[in-house]
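Reading the structure
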Amino acid sequence: MRKKIIAGNWKMNKTLEEGKILTSEVVNMAKDELRDDVQLVLCTPFIHLSNLQTMLADSTVALGAQNCSNHASGAYTGETSAAMLQSIGVDYVILGHSERREYFGETDFLLAEKVDIALENGLIPIFCCGEPLEIRERDGQQAYVQQQIEESLFHLSDEKFGKIVIAYEPIWAIGTGKTASSDQAQEMHAAIRKQITEKYGEEIANNTSILYGGSMKPANAEELLSCMDVDGGLIGGASLKSRDFVDIAKSY
Ligand code: PGA
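Rules used throughout
- Residues numbered from 1 in each chain as written.
- Predicted model: local features only at pLDDT ≥ 70, side-chain atom pairs only at ≥ 80, totals over all residues.
- Heavy atoms only, no water.
- Phe/Tyr/Trp six-rings, centres within 6.5 Å; stacked < 30°, edge-to-face > 60°.
- Helix = DSSP H or I, 4+ residues; strand = E, 2+ residues; numbered from the N terminus.
- Buried < 20%, exposed > 50% of the residue type's maximum accessible area, 1.4 Å probe, protein only.
- Near = heavy atom within 4 Å.
- Polar contact = N/O pair within 3.5 Å; in protein donor to acceptor, adjacent residues only side chain to side chain.
- Nonpolar A, V, L, I, M, F, W, Y, C, P; charged D, E, K, R; others polar.

The geometry of an aromatic ring pair is captured by the separation of the ring centres together with the interplanar angle, meaning the angle of the planes. In total, this model carries 4 aromatic pairs according to the counting rule given. Seen from their ring centres, Phe154 and Tyr200 are 5.5 Å apart, and the 80° between their planes marks the pair as edge-to-face. On the criterion of sequence distance, the pair formed by Phe154 in the loop between helix H7 (141–153) and helix H8 (158–161) and Tyr200 in helix H9 (residues 182–200) is long-range, its members being 46 residues apart. Residue Phe154 is classed as buried on the basis of its relative accessible area of 14%. For Tyr200, a relative accessible area of 9% translates into the label buried.

Okay, here's the thing in structure tokens:
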């Protein structure tokens, strides 16, 4: 059956020392308090990945990046390749976060290239999708999200699609304190699973983890995570505090 995943997206937060403290707190709390059927992932800034990888090597907590280049290598100043991430022991990579789409102009087609190169290098993409408020207000969210998924993921073979993790993050809920209701989350997650079923069949759809993201915190996690098609969370703000992050995972 599909994996339960609680992934922390640190975004552009934490110095190295702060990141090390947060990581060691999460590792220790996870060891003492969590069942081993929930996979924790820390998606940290690129610059900390190597350091934190050594701290996570003997733990059950996995390591993720927040982006990678769509190019394999070469003259792309400031970029980081999927092969580089793989070479230092990174397991997951967030792709298509709404902040990257909005501030860095990432399109569905560019993201299709990033998904390909991540998979070629053995990374597990956490592919983000989600609608802005004006689309939700005119009830266009399902068509909007379906197009993001179709354009960035539906060129993949069955085998490759089977490795993808999806994160549904309504943009109006990210960092705003506004969460989707559990009904809104379940409705979208079920629609995504149905779309995957139609393209790849029931087995692959049932094995695909679909995470919810957007102001998830200990107070609302239990309700969201109890939805049938919600298989975990992509946590921003609350992943910056070890207690909150682990409490979210505990509420499973
Ligand atoms: P948030 O961020 O939990 O702070 O809303 C979620 C995300 O952007 O992944």
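Near the ligand there are 13 residues, and of these Lys11, His97, Glu169, Gly175 and Ser215 occur at the shortest range. With respect to the ligand, the backbone of Gly175 contributes an N or O atom lying 2.7 Å from an oxygen atom. One nitrogen or oxygen atom from the main chain of Gly237 is found 2.8 Å from an oxygen atom belonging to the ligand. Looking at the shell around the ligand residue by residue, the class counts come to 4 nonpolar, 7 polar and 2 charged.

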